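Overview (structure and organization)
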Amino acid sequence: MRNILGVAVSFAYFLGLLAIAPKLRVSLEASRKFVHIMLGNWWFIVLLLFDSLFFALIVPVSFIFINYISLKRNRKGGLLSELERKDDTKSYGIILYPAALVILVVISFGALKEPYIGGIGLMALAYGDGFAALIGKKFGWKPFYVFKNKKTVSGCAGMFSATFISTAVFLLISGAPVDGIIYISLLLAAVATVFEALTPSGADNITIPLSTVAVYCAVV
């Protein structure tokens, strides 16, 4: 019953974000990043209500298919068209984000059987990458290119700061059995910032959470 409640609350949370975002009096990009960032809080629902790998996978797996259909129908009234980019280049980040959640759930509940660990990767992805885009776009200070991908020093600073704060807070709230949270969070922030800078747009939805989880498991 607890896991079924978790599925219901998760769908309500996800769909609630998608309903609220287009109504915010901000730009389309800011609306997208609002959803991107706030989805990170889903892991608190995971910790509170899920103890089953199967049930924890239902929502992110569902959104892989929902987002795929929406992406294919973009510019034709897709399911999530208000949150998709309207430029000529489609980004598969909208599919890779829930795919990353699937991987984190499998790692946490299946491979390691430590539910809190996936939340570390999700904090870096949601808050770190989300604020990196917002801050980088707003300030655009010191642009540079990595493999033809435009980055900015201000965006990297936003990535580092947001990842550090979010992972440190998450580790404290989740009661993770680890000492030196500040130092570990600084390390994770540095790793996430490097992978965000080096990975092409969209694919960083996979590399950021996996790299931070891998480094955390290696040092703790």
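Structure first, text after, so check above.
Residues numbered from 1 in each chain as written. Predicted model: local features only at pLDDT ≥ 70, side-chain atom pairs only at ≥ 80, totals over all residues. Heavy atoms only, no water.

Description of the overall build of the protein
Summing up its helical and strand segments, the protein has nine helices and two strands in all. Counting helices and strands in the order they occur from the N terminus, the protein gives α-α-α-α-α-α-β-β-α-α-α. In summary, the protein has a C-alpha radius of gyration of 17 Å against a globular reference of 17 Å for 220 residues, a match within 12%. Considering only C-alpha atoms, the protein reaches an extent of 45 × 40 × 30 Å along its principal axes. Counting over 220 residues, the protein shows a buried share of 50%. Within the protein, residue pairs in contact and separated by at least 24 positions form 71% of the contacts whose partners lie at least 6 positions apart. Here the protein has roughly 10,700 Å² of accessible surface; of this, 70% comes from carbon and sulfur atoms. The distance from the centre of the 19 positive side-chain charges to the centre of the 11 negative ones in the protein is 8 Å. (Helix = DSSP H or I, 4+ residues; strand = E, 2+ residues; numbered from the N terminus. Rg over C-alpha atoms; globule rule 2.2 N^0.38 Å. Buried < 20%, exposed > 50% of the residue type's maximum accessible area, 1.4 Å probe, protein only. Contact = heavy atoms within 4.5 Å. Areas by Shrake-Rupley, 256 points an atom, 1.4 Å probe, with all protein chains shown as cover. Lys, Arg positive; Asp, Glu negative; His and termini not counted. Charge placed at Lys NZ, Arg CZ, Asp CG, Glu CD.)

Observations concerning the environment of A56
Structurally, A56 is set in helix α4 (residues 53–72). A relative accessible area of 0% places A56 in the buried class. A C-alpha to C-alpha distance of 29 Å links A56 and F160, two positions 104 residues apart in sequence. Sequence-distant contacts of A56, that is, excluding residues within four places in its chain, are made with W42, F50, V105 and F109.

Observations concerning the pattern of salt bridges
One pass over the full model with this rule turns up three salt bridges. The salt bridge partner of D51 is R2, with a shortest N-O separation of 3.6 Å. One end of the pair, D51, is in the loop between α3 (42–49) and α4; the other, R2, is in helix α1 (residues 2–20), and 49 residues separate them in sequence. For R32, the salt bridge goes to E29, with nearest N and O atoms at 3.1 Å. In this pair, R32 and E29 both sit in helix α2 (residues 28–38), three residues apart, roughly one turn of the helix. There is no split in this pair, since R32 and E29 are both buried. (Salt bridge = Lys/Arg side-chain N within 4 Å of Asp/Glu carboxyl O.)

With respect to the pairing of strand β1 (residues 143–146)
As paired strands, β1 and strand β2 (residues 149–152) are joined by four bridges and run antiparallel to one another. Residue V146 lies in a different strand from β2, and its bridge partner there is N149. Between β1 and β2, which follow one another and run antiparallel, lie two residues, and F147 among them has a positive phi close to 50 degrees. (Pairing = 2+ DSSP bridges.)

Some details on the nonpolar core
Judged by nonpolar contacts, the single largest core of 46 residues is most densely connected at W42, W43, F50, L122, L171 and Y216. The greatest single-element share of this core, amounting to nine residues, is contributed by helix α5 (residues 93–111). The residues contacting W43, other than those within four sequence positions of it, are L104, V105, S108, P115, Y116, G118, G119, L122 and F170. Counting residues in hydrophobic clusters, the runner-up holds five residues, among them A124, A132, M159 and I208. (Core = buried A, V, L, I, M, F, W, Y, C linked by side-chain atoms within 4.5 Å.)

With respect to unusual backbone geometry
The backbone of K113 sits at a positive phi, close to 55 degrees, despite the residue not being glycine. Considering the arrangement of structural elements, one finds K113 in the loop between α5 and α6 (117–139). With a phi angle near 55 degrees, K142 is a residue other than glycine that sits in the positive phi range. Structurally, K142 can be placed in the loop between α6 and β1. Taking the relative accessible area as the measure of exposure, K142 reaches 48% and is therefore partly exposed.

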